[in-house]
Each structure stands twice: as C-alpha cells, then as structure tokens.
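Residue-level structure breakdown
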Amino acid sequence: MSRLSFVLDGEPRTVEADPTALLADVLAGPAGRPSVRVACDHGVCGACTVLVDGRPATACSTLALAAEGRSVTTVAGLTEDGAPGPVQRAFIEAKGFQCGMCTAGMILLAEAFLARTPDPTRTEVRRAIGANVCRCTGYRAIEDAVLRAAALKRGAAPSPEPARPDEIAKTTGQPIFTTDLKLPDTAEGALLRSPHPHALVRAVRTERARALPGVLAVLTGADILALPHPTYGLWVKDQPLLAVDRVRHVGDPVAAVAARDAATARAALRLIEVDYEPLPPVATLDDALADGAPPIFDGPSPGAIPPHGAGVTTAKEPAPNVLYRFRHMVGDADEAFARADHVFTDTFEVSRMTHAALEPIVTIARPMGEGLEIWSSNQDPFLLRQDIREILGLAEHAVRVRTLPLGGGFGAKSFCKLEPITALLALRARRAVRLAISMDESILTLSQHAGRLTLSTAVAADGRFLARRATIQLDGGAYADASCLVADKAGYRVGGPYRWEALDVTAEVVRTTTVPAGSYRGFGGTQASFASESQVDMIARRLGLDPAEIRRRNLLAPGEPYRPGDSAIDCDLAAGLAAVAARIGWGERAASASDTVARGKGLAIGFKDAGGQGRFAQARVKVTAEGDAIVSCATVDMGQGASELFRRIVGRVLGLDPARVARAEIDTDQTAFDQGTHASSATAVTGEAVRRAAEAVRTRIFDFAGRRLGADPADLALAEGTIRAGNTHTPLKRLVLDYYGGLSAEFTGEGEVKIEADPAAALNAPIVYWMPNWVGAEVEVDRETGVVRVLHLVTAADAGHAMVPEAVRGQIEGAAMQGLAQALFERLDYADGILRNGTPQTYRLPLATDQPAAFDAVVLEQGLGRGPFGAKGVGEAGILGVASAVANAIEDAVGVRLTSLPFTPDRVLAALDAKAQQPAAEAVE
Amino acid sequence: MPTPQPHPALPARPVALPTLVGHRGRHAMPPFTVHTAASFAEARRLMTLRRARPLAGGLDLLNGLKTGAGPADIVMLERVAGAATIAIADGDLLLGPMVTHDGFATSPAARARVPALAAVWSEIANLRIRAQGTIAGNLLAGMPAYEAAVLLAAVDASLDSLAPDGTSARFPVAALGTPTGAARPFDHLVTAIRVPCTPLRLAYDRSLRPALSVAVALTTRLRRTVSIVVGGLHPRPIVRRAHVSDLDAPGDLAARLLADLPLATVPFAGSPFYRERMAAVLAARLLAELAR
Ligand SMILES: Cc1cc2nc3c(=O)[nH]c(=O)nc-3n(C[C@H](O)[C@H](O)[C@H](O)COP(=O)(O)OP(=O)(O)OC[C@H]3O[C@@H](n4cnc5c(N)ncnc54)[C@H](O)[C@@H]3O)c2cc1C
Ligand code: FES
Ligand code: FES
C-alpha cells in the first residue's frame, strides 16, 4: 500500500492504495465515489469516465498513480451547493438517461466537451458523445441534454420543473444499483468456466484451491448433485448450477469459489484442475440436426411444458438435440395452398446479439436465520425466491430477495441465473458472498436466439394472403433458459398483423454447444418480424404491388381477433402505416448523391403480443395522513420508467402531484407480489394493479372521511391530500388526527390483476395487448463498397395513452437503435462453434455516431389500450420492424434481397455481385 | 560504458497466468511493479535492467494485462521531462512519446505545419480516447487496425529511439516491425516521432475500419510521389509508392500499385477477399479526391 494524494472533486484527498491499482477501483473504493462504475472493463464503454485535470480519462484503464498530484473530477464534483450543476440539470431536463449506468460518464464527457466547445452543433455533440456507450437511450435524448447543457452554461434559465429523486441520484452519482452495494464482511465469488464447447468432465480436483489462504468455499458439480433440485430453467430445467459430468458450451461454469477478495478468488480458480474429455462440438443448427449428431443431453431433462390452447400442440425434447417443438394450426392449410394463385417460399437467417447491459449481473447473498437474504440485479424477485427455495430446499419465508434498480437488462437479467450458486456459496462460506460477473462472462451467460425461418406463403391473385406455413428453428444454445417460451412466441407471431385463412407453423428450439439463448427484447418477435416483413415485401415486389398496398389489403382491423379465440386488435394498424409512410415520403424517390450510390425506401410492421401469458400482479398503495402516497409493487425499474409511471397512475387516481408519490423498494418480504418484469407488462398489467390499488385506498379514505364528515363517500373528491365535500375542503390530516390521535395513521389499498386462462386462445390465455412497430427506412447503398447508410429512420409505436411520454419515446428510440445495429453490424460472431468476438473490444455496440442522419421516433396514442387509462407498454416495440424495413429499403435501392442478418458491407457487395452475374428477371411462381 | 544486462535474479518476464475463460478484466491482472521515470535515460535503463514496458496513456498496456499476461515491470513515462511536448527540429515536427492524439490534432504547430495530417488526426478514435491515448502508444501497441502507423507511414514519418544498449536510433515508421516479428524496434524506447513538414496533400478513408483503412499522400514537389498505405489487413500497414506525372486514371493507378497486395493475414469476420478489393476501391477514390 502507498499513499496517493490528489484533489478529488475540488478537495485535497490522500488515500491508501496499491500503486498498481486502477483509478476506477481507488475512486469507487477508498475514495468513496460509487458513481465510478466499471462496465466493460476494457476502455470501450466509457461508463467509468472521470476528468483528470479537466480531460476525460478512462478510469478502468488508468493507473491510480497517474492521478498523483492531479485534480480528479467525478460526477459528484459537478454539483453546485449539493444540487445538480448545469450539465446534470440539463440531463434531467432533457431526460438524457434511462437506467443511468452510463450517465456519470456521459455527463463528465459532456463537461469536458463543452469546456472546449461551448456552443456546439448537434453534429459536434454526436461525435463527442460517440465516445461512450449508452445501451438504453438511442442517444437522441443525450444529444438534447448536451445541447441544453450548453445553453444552461451560457446563461439560459433552468426549467422550473423539480427533479425526481431517481433523476438526482443518477446524475449526481449516488449509489443506486446492486453493483454499488457494499455490505460489510462480504466475500467475493468467482466461477471457473469451461474452455471447451463440449466435453465430459472426468474429474475436478479442488484441494489446492481449498488450501489457498483466504478461500472460504469451493463448490463443484458434486456439491450441487446433493441439492434437492440441482438444475434450473423456465419450463425445462436442464441447466445445472455447475456442470456435473459434462460441459456444453465455452463458459459453462464448472466450479465456484468464495474468497476474501476478488484476486484470491481468481487465484483459487487457477488452482482447480479439471480433467476434460473433449466431445465433438455441435456448433450449428445443421450440426445438431444431422443424422448421427452427438447428443448434447443423454436423457430427458426435468421440467414440464404448461398447457397450451386451441390449435397448439407442444412437445418437450421430441428428437435428439431438439429441446422443444411448438406447432400452431389454424384452418385448413392444404386446402388454402391448393387454391392459391401464388406460393412463395423463402428462408431467412437471423443472427444473435448479446444484451450488453452496462451493469454487470451481480448477486449478493447473505445467510440469515435459517435462510438467506439476497440482493440481485434480476428482473424477477419473486420467481427468484421460488427458484432458490426449490433448488436449495429452503422454506419460502426464509428466502428474502431485494431488488434495486437495474443498470439495464434487455432480458439478460430475467429468470434465475447465477443467484442460486451465489446463495449456495454464501451458505457454505457462512457469510455474505458477492458474485459480480464481468461483461465477458455476461456474453457467455445468455444471448438472443439466432435462427432460420422458412416461410411458404399462399397468396391470391389480388395479393390477399391465404395461408402460411412456417418452419422456425431457433438456436437455443446449450440450455433451455426461456427458449421454449421464445419458440411459442416466435411461432405465434410469424403470421404478423395480417388476416389468414390458415396457418401451419412449427417452431423448434435446437440445442447446440453455444451460449444459452433466452429472453431478449422482442422475444421471438424480432426474429419472426424480420422474416415475415421481409417476405411480405418480396411478395409485393414479385406481384408488382406497392409494398404499402399489399399490407393495407391484409392488415387486421381494430377489434378483429388476432387469431380465432384470442383477444382483439387494440390498435389501428393501417393508420400507423399511413403515418409512417407519410413521414418517410413513401412513393417519392430522392436523387442519389453520385453514380456509385443508390437510394431506396422500405416499410415494415413489426408485431408482437405483449403483457405476458395469464399474468398475475398485485400492488399496494399507502396514503399517509399528509396525503402523500407510497406505491409498492415488484416491477423492477431498469430504465424503462416504470417507477415514474406508477407514480403518475397513483397521482392521477388520488389527485396528487406525482412528486408526492414515493416508490417503495422491492423486497419480497414486504412488496406486493408480481410474476416478474417481462413482456412489457409493467404498464398494462402491474400498472393496472397499481391503478386498482390506488382506487382501493381512495375508497377507504372516502369511507373514512364520509363517516367523519357525515357525507356520502360518493360525493367526495380528493386533491393534494384535501377532501372536498361540496364547497368544504378539509385536510385529510385533520380528520386523521381528530380520529386516530397525534400518533397518526395511514390508509392502505390493494389491487391485483389476473389474466384468466382460456383454452380457446392458442397460448391458453388471451393476449393482454398488441404491440406494433411501424417502420419506414430510407437507405443509401454504396454499390462499390456495399456500405448501407440509413439516411432516415421513422419508427412508431402505439402507447394507447402515453402516461410518461418522454419515457415512451426513449424506449422506442433505444429499441430502434438495437434493431438498427442488428440490421447493420451487431452480432455474436460464431465460426465453427467458436465465438470470435466475445469481448467488449471485439463486439461492436452501436454508438451515437451510428444513428441515422434523421431519426424520428413517433409515439402514437391510438386510444384503444386496455391498460390503466388506456395505456399500453412499448418497451420492446422499437426493435421489431427495423431490420426488415432496412432490408426492404436495400432491395428498393439496388434490387438485391438480403435474407441474412446483419447486412454487412461484404454481404451486400456479394449480393450485388451475384445479381450482376444473373441479370435475368425473377419470374413469379 | 558497458551495456546494462538484466539482473540474473529476476524472474522470467513477461509474466503470464493461466487463462481463465471469461475472466479477462482488472481482477485477472497479474502482479506487476510500477516505476516512474524522470528522464528517457532512466526509463530506458529500467527497460533494459528489468525488462520493463513503457506506459504512456496506458489504454493498451493495462487492458492487455487484464488478459492475465503482460510485463512484470512497467515504467511510467508520464513524468519524463519533455515527453509531452511538440517541438520543431531540422524542419520536422517532433512529437514526444506522451503526446496524445488530441494534443497533436489540436496543436497550433501541427495545424500550421502539417494541416492535412492534423485534420485527419482529429477523426481518430473518440474524444475520450484521444485525450488519453498517445500516438507512440498507438504505434507501439502493434494492433493492425490502429491508424497512427497508416497515417505516419503515408507522410514518411520516422521514430527516434533509444535501443536497449542505450544507443540512439532512427527508423521510418514504415519499417516498424511487429511486436514478435523480425524487425523489432519494439524493445526500443521511442523518444520522439519525427513528422516531416514537407508540403503534401493527404486523403484518408477510415469508413471501413476495423476491416481496413487507406491513406493516400501526394507530394507537391516537382516530382510528384504518390503513397498509398493500407492498414488493417496485415500486422503492419502495406506501403506502395510511385512517382506520377498526373492522376488522370485513379482507378488504374490504384489497381496497379495494389496489384500484388498480399492476402490479408489479420482475421476479420466476413469474406477474406472483400478487404483486398476494398483497398483498391478506397485508394482509387482517394486518388480521385486528390486529383480534384
Ligand atoms: C474505445 C477505443 C477506441 C479506439 N479507437 C481507435 C481508433 O479509432 N483508431 C485508432 O488508431 N486507435 C483507436 N484506439 C486505440 C488507441 O488509440 C490506443 O489505445 C492508444 O493510442 C494507445 O495509446 P496509449 O498511450 O494508451 O498506449 P499504452 O497502452 O500506454 O502503450 C501501448 C503500447 O505501446 C508501448 N509504448 C508506449 N509508449 C512507448 C514508447 N515511448 N516507446 C516504446 N513503447 C512504447 C507500450 O509499452 C505498450 O506496449 C481505440 C482504443 C479504444 C479503447
Ligand atoms: S471504459 Fe471503463 S468500464 Fe467501460
Ligand atoms: S441509460 Fe445509458 S446505459 Fe442505460
């Protein structure tokens, strides 16, 4: 240890630090600045940005020693008299963040940029913030924030709107995430992972690791075999906490260690010897389905498929290396195909992305009484409690899960992941254990589903869709996770928002020896929408029809059931298409800038169901004597704005400024039950439970006030904590103190929503609401390089009624940016089963500079939603239609059809070459 | 003065810990010792005696250590007197090894004397990296996709260095080998980057990075020399030079100069032929731009 002296946020500081320590660790540790958070740990994302002598420094890639004698500024140092300073204020006003994980770094970057460029253009701002990654926002709001900061610094008057507590916390660097949490006496956990894609585990020797001073517990497959339920997964529970006799992907955990610190834990991992007997990898769908392919599992896995509804058959593990098969049939497909004037068959391939949420997956487990207390960056506190109880054989009441806001999720943090193994380490070590995996490890933990989709579509001469047969093969990777549900959704959504006489869809999950795939924003809808909306366009072009017109002819109308027995369409699909077509200038063609580039436009309507299946959510609202409210529910805030939504719902019901509504922390011992933060259900399901809870508490208040005032409760109104009866206004507090005395009292109301099962609906319960994503894209394709530039992207979603408009817009933009990245470059690059870009440096994430030159996120409020006050969620919408709109625009520009994601320049050029060699026009079948 | 030798008691360096899948990161860094040097001579001595690697901005060196392998000794150049200065000597611009991308791109001297180079340099990387990353570190990191070598080779820059035996050396950037290859001034301490202030026109295309980037320079002397430099395909950039009388047929010229471009050896996702083809396309475009 040595003493390191520097000026920290304007104050001289001396801390004890290892001279080889990194600046990020010294600042977040002994210097007490939790806002200096490490995300990628590779210099890439900029989440750890601080200023050293006013210049941006990447604290995860800087020796603390380099700060000796210098002035270091963290985001906490930008406050003025404890209140947000101009740049922080501007980020709050412009809503320049969602989850907040990138925010400290972005604000400091902006501070340094504005010091040098006080009056920047948007283009200059875009280039500047292009240094750091934000996975949530899509960057427009951050650009607005930086431009606003420039104005505030030049003397513009700040907005009078008060900042919310979470906004202040995120912009001034207060600890809010699980990754910021520091419990006393906590050991560090670490996992030894397989270097092999597929191998038998012959022996695991841990003696040397156990003997290392500072090691508190070492676990292997042998330990987990002793558990009541050693495996987990959503329906099929095939994933062991640690590999037992076999590893099934590179990164599969084989052993776990708890030690006094992170370095000792890793040193212990290096002392564990594993004898592997490599088996042939099963890298691709074709490898897995080939005759004689090595089976990845020898026998059936635990778990069961829940009942489905009309027209659906399912099968668990129906064939070697096939995890699950979903089949959905409507009408008589043979008959419809026989009648068709045209049949088109096309195959599409989707790549897979990694979630790259900036907050790592972190769990802290602490033994407590006969059980455990757990903090986890997980979207599903109650499911986690249930899984941990079951896996470890504990009483349910003995497992207490607490959840703080997440630094981004996008599906990566849904369902059980590394929490049970952390819990087991804590029980063995008999102390708190923290397991925080790196971004590299997150990449090896869960991904989106890659897949192949073959669509045969029967069409009448006038372009009317008759029937579709689809075969969907999703690469589920090594373990089930949520794959079966994703297959359901991909299969059910592949018909898109169109009217069909018949459908015959099979969606399979194929196991491979790659990273397990699971929930990812869009959840099967992204894959299905890409294939379906690409093919709709191809059909239109083959039939010589306008792609907008063929859609109009086939779109479902508002009120029409999506499929027989299911809920009705709650949006105006044609109106949304018209809005987007108008904005993109559909039908007009702008001249290309040169001979080597060509411009084109494409439309798409991505589509999915939302709100989850047969969901159940509860909520509780308390009102204090002052009239303030506290809402308790278990939707996890991960930047989607759920907490603010709940505050506004409660505020609206109780006639209360939302600033007077607090959101209680999530704690399974205290919080109202919820089945989890999935499927964009926060608004429509939990939000509705919150509305009902607010109404229930209002009823109790009116009953009480009616009795005290001698008035009919039906004649009372509530506004800012005051009861109005006719012309009389009485503070609630006065009534409470009069009756309950000076020790005061509170009122509590509860509400719940259960979507009832209905076997007439294909997925055994009616869909809660429908989530369309209308997209228009204008692209420019360089014929010599194959580079596709998106000049204009219009993406629209229906919020029903936007309760928090800025959050709705932010969700659409952020999701669209993910969709655009998937269209153009972002993917996990597997070659021969080996992941070639499994680090933040090699995996390309979209930056501000990747935004389309013009980017319109359109919030439609079509008013047909069935959620609270007509609201619907939009969290996943924006990703659904982008890739197909871009593919359609490319064909419009240069006449080539890209059917595999992403549309990298070399693929585009290869397609152009192929077209040049085959000039003959494609005939209509 | 006798040549200093590594201390015989020192362990073999660099150090490498067994790889742990997924554990690249700061917790995987092997133990190392940090030295601070006040002069180039002291830094060079530490490099020789302890086989220390120089640390400039640290972006590559520290992130490299996070793989579990790297030097057991590091010598910080930050406090070396004059290491961050930009000077003019013998008509050349002399960049100290602590000059950052940003320091160079915004320096009045660079903007006045090598305006085209300073202008393209402001496009490299991003605001945050430019503020910390040095040009010397970029060159010496040995990363094929990095751009300093491409641009500096195009303008015929050279490096001043101290060899392990303490002797001074100067060699063109274009002759810089690979960290493990035969031409290895990698064990030298670079003390300055020498950028000639020759009037020239420079055009650069980095739009296909990291697959490749191409720079084209044209001297405006009586006898015009065109240099085409292609980076990203091979461990070090490929440089092609020719005297030209005009640039009337840029496509032909690019094709001729790059006709024998060796097949790319640096792996990249996608078709291997794409990048070679693009080298000629981008070079032709840049030549056409210079011809305008
Ligand atoms: C997110 C990100 C984006 C980037 N984008 C780009 C980009 O667009 N284009 C681009 O070209 N680069 C890019 N880079 C790379 C960046 O420019 C380099 O990381 C940086 O220039 C390295 O400089 P450094 O001072 O940090 O090097 P260091 O890490 O300090 O050193 C790198 C290597 O050089 C050696 N070295 C340093 N100084 C000397 C010396 N004087 N003598 C001998 N050896 C020496 C070190 O020992 C080490 O081996 C990017 C990096 C990141 C993290
Ligand atoms: S750049 Fe430091 S954590 Fe990503
Ligand atoms: S707000 Fe930027 S990463 Fe979440």
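Structural data are supplied above this passage.
Figured I'd write up the structure that's included with this text. (Residues numbered from 1 in each chain as written. Chains lettered and ligands numbered in written order. Predicted model: local features only at pLDDT ≥ 70, side-chain atom pairs only at ≥ 80, totals over all residues. Heavy atoms only, no water.)

1. Notes on the overall build of chain A
Per the secondary structure count, chain A includes 25 helices and 37 strands. By the compact-globule yardstick of 29 Å for 925 residues, chain A fits well, its C-alpha radius of gyration being 28 Å. Referenced to the eigenvectors of the C-alpha coordinate spread, the extents of chain A come out at roughly 80 × 80 × 60 Å. For chain A, the residues scored as buried account for 65% of the 925 residues in total. Of all intrachain contacts in chain A linking residues separated by at least 6 positions in sequence, the fraction that spans at least 24 positions is 78%. Summed over all atoms, the accessible surface of chain A reaches about 30,200 Å², with 51% contributed by carbon and sulfur. (Helix = DSSP H or I, 4+ residues; strand = E, 2+ residues; numbered from the N terminus. Rg over C-alpha atoms; globule rule 2.2 N^0.38 Å. Buried < 20%, exposed > 50% of the residue type's maximum accessible area, 1.4 Å probe, protein only. Contact = heavy atoms within 4.5 Å. Areas by Shrake-Rupley, 256 points an atom, 1.4 Å probe, with all protein chains shown as cover.)

2. Quick notes on the overall build of chain B
Counting its secondary structure elements, chain B contains 10 helices and 14 strands. For chain B, the C-alpha radius of gyration of 20 Å lies close to 19 Å, the compact-globule estimate for 292 residues. Overall size of chain B, expressed as C-alpha extent along the three principal axes, is 65 × 45 × 35 Å. Look at the contacts in chain B between residues 6 or more apart in sequence, and 59% of them connect residues 24 or more apart. A total accessible area of about 11,900 Å² is found for chain B, and carbon and sulfur atoms account for 58% of it.

3. Considerations on the environment of A:Thr668
All names here are of chain A. Mapped onto the elements, threonine 668 comes out in the loop between β28 (666-667) and α20 (681-709). Classification of threonine 668 by relative accessible area gives buried; the value is 5%. Measuring from C-alpha to C-alpha, the distance between threonine 668 and arginine 164 comes to 25 Å, with 504 residues separating the pair along the chain. If sequence neighbours within four positions are ignored, threonine 668 has contacts with Pro381, Phe382, Arg385, Val399, Arg400 and Val401. Side-chain polar atoms of threonine 668 contact the backbone nitrogen of valine 401, separated by 2.8 Å. (Polar contact = N/O pair within 3.5 Å; in protein donor to acceptor, adjacent residues only side chain to side chain.)

4. Remarks on the site of ligand 1
Around ligand 1 there are 30 residues in total, and B:Pro54, B:Gly57, B:Asp60, B:Thr134 and B:Glu147 lie nearest to it. Residues near ligand 1 are shared among chains A and B, making this a multi-chain site. One of the backbone nitrogen or oxygen atoms of B:Leu59 is found 2.8 Å away from an oxygen atom of ligand 1. In the model, an oxygen atom of ligand 1 is placed 3.0 Å from a nitrogen or oxygen of the B:Ala125 main chain. Contact with the protein chains removes 93% of the 970 Å² of surface that ligand 1 exposes when unbound. When contributions to the shell around ligand 1 are tallied by element, the ones reaching two or more residues are β3 (53-55), α2 (59-65), α7 (135-140) and β10 (189-196) of chain B. Of the residues assigned to the shell around ligand 1, the class counts are 16 nonpolar, nine polar and five charged. (Near = heavy atom within 4 Å. Nonpolar A, V, L, I, M, F, W, Y, C, P; charged D, E, K, R; others polar.)

5. What about the nonpolar core?
Counting residues in each nonpolar core, the largest one holds 192 residues, and the members touching the most others are A:Phe91, A:Val886, A:Ile890 and A:Phe903. Counting residues per element, this core draws most heavily on helix α10 (residues 272-291) of chain B, which supplies 10 residues. Other than its neighbours up to four places away in sequence, A:Val886 contacts A:Ala777, A:Val779, A:Val788, A:Val790, A:Leu820, A:Ala823, A:Leu824 and A:Phe903. Formed by 56 residues, the second largest nonpolar core is a distinct cluster that contains A:Ala619, A:Ala694, A:Leu716 and A:Ala802. (Core = buried A, V, L, I, M, F, W, Y, C linked by side-chain atoms within 4.5 Å.)

6. Observations regarding the interface of chain B and chain A
With 48 residues of chain B at the contact, the number on the chain A side is 64 residues. Both sides of the chain B and chain A interface together cover about 4,300 Å² of buried area, and 54% of this is carbon and sulfur. Remark: the boundary between chain B and chain A carries 10 salt bridges. A salt bridge links A:Asp41 to B:Lys66; the shortest N-O distance between them is 2.8 Å. Applying the counting rule to chain B against chain A returns 29 residue pairs in polar contact (both at pLDDT 80 or more). For the side of chain B that touches chain A, the elements supplying multiple residues, two or more each, are α2, α6 (127-132) and α10 of chain B. For the side of chain B that touches chain A, the per-class residue count stands at 24 nonpolar, 13 polar and 11 charged. (Buried area = accessible area lost by both parts, 1.4 Å probe. Salt bridge = Lys/Arg side-chain N within 4 Å of Asp/Glu carboxyl O.)

7. Some remarks on the pattern of salt bridges
Residues and elements named next belong to chain A. Taken as a whole, this structure holds 105 salt bridges over all chains when the rule is applied. Ionic pairing is found between arginine 648 and glutamate 806, a salt bridge with its closest N-O pair at 3.3 Å. With arginine 648 in helix α19 (residues 642-654) and glutamate 806 in helix α22 (residues 805-824), this residue pair connects regions lying 158 residues apart in the sequence. Exposure remark for glutamate 806: the relative accessible area of 30% places this residue in the partly exposed category.

8. Section: unusual backbone geometry
Negative phi values dominate among residues other than glycine, just as trans dominates among peptide bonds. Omega for the bond connecting A:Leu901 with A:Pro902 falls within 30 degrees of zero, at -10°, which places this linkage in the cis form. Residue placement: A:Pro902 occurs in the loop between α24 (882-894) and α25 (905-917). Here the bond from B:Arg209 into B:Pro210 is cis, since omega is 0°, no more than 30 degrees from zero. Its location among the elements puts B:Pro210 in the loop between β11 (200-205) and β12 (213-219). Residues other than glycine seldom take positive phi values, yet A:Asn321 does so here, at roughly 65°.

9. Details of the packing of aromatic side chains
Residues and elements named next belong to chain A. Within the structure shown, the criterion is met by 17 aromatic pairs over all chains. Centroid distance phenylalanine 530 to phenylalanine 903: 6.1 Å. Interplanar angle 40°. Geometry classified as tilted. Of this pair, phenylalanine 530 sits in helix α16 (residues 525-543) while phenylalanine 903 is found in the loop between α24 and α25, placing the two residues 373 residues apart along the sequence. Across the pair, exposure class does not vary: phenylalanine 530 and phenylalanine 903 are buried alike. Through a chain of ring-to-ring contacts, three or more aromatic side chains come together here, namely Tyr492, Tyr562, Phe607 and Trp770. (Phe/Tyr/Trp six-rings, centres within 6.5 Å; stacked < 30°, edge-to-face > 60°.)

10. Re the side chain of A:Arg434
All names here are of chain A. Along the chain, arginine 434 turns up in strand β20 (residues 432-436). In this structure the side chain of arginine 434 is engaged in a polar contact, spanning 3.3 Å, whose partner is the backbone oxygen of threonine 179. Beyond its immediate chain neighbours, meaning those up to four positions away, arginine 434 contacts Thr179, Leu181, Thr186, Ala187, Glu188, Gly189, Val362, Thr363 and Ile364.

11. Quick look at the sheet that holds strand β9 (residues 168-172) of chain B
Residues and elements named next belong to chain B. Here five strands make up an open sheet; going across it, the order is β6-β7-β10-β8-β9 and the pairing antiparallel. Two strands close off the open sheet at either side, each with one partner strand: β6 (86-89) and β9. In this sheet, adjacent strand axes meet at a mean angle of 25° when their direction is disregarded. Alignment of strand β8 (residues 158-162) against β10, held across five bridges, turns out to be antiparallel. Within β10, the residue paired with aspartate 160 across the bridge is alanine 192. The sheet contacts of helix α1 (residues 40-50) involve β8 and β10, and relative to β10 the element is tilted by about 125°. (Pairing = 2+ DSSP bridges. Axes fitted to C-alpha atoms, helices over the stretch in contact; angles between N-to-C directions.)

12. Some details on the side chain of A:Glu419
Residues and elements named next belong to chain A. Tracing the sequence through the fold places glutamate 419 in helix α13 (residues 419-429). Only 2.9 Å separates the side chain of glutamate 419 from the side chain of serine 376, close enough to count as a polar contact. Setting aside anything within four residues of it in sequence, one finds glutamate 419 in contact with Thr363, Ser376, Asn378, Leu384 and Ile388.

13. Notes on the pairing of strand β21 (residues 450-459) of chain A
All names here are of chain A. In terms of residue burial, β21 counts as a mostly covered element, since nine of its 10 residues are buried. Strand direction decides the pairing type here: strand β16 (residues 342-350) and β21, joined by nine bridges, are antiparallel. Bridging across to β21, phenylalanine 344 finds its partner in threonine 457. Where β21 folds back onto strand β22 (residues 465-477) in an antiparallel hairpin, the turn is made up of five residues, including glycine 463, whose phi is positive at roughly 90°.

14. Things to note about helix α5 (residues 140-153) of chain A
Residues and elements named next belong to chain A. Between its first and last C-alpha, α5 extends 20 Å over 14 residues, near the 20 Å set by a 1.5 Å rise per residue. With respect to burial, α5 is a largely interior element, 10 of its 14 residues being buried. Of the surrounding secondary structure, the elements contacted by the buried residues of α5 are α2 (86-93), α3 (103-116), α4 (122-129) and α22. Looking one or two residues beyond α5, the residue adopting positive phi is glycine 155, at roughly 110°. (Expected span 1.5 Å × (residues − 1).)

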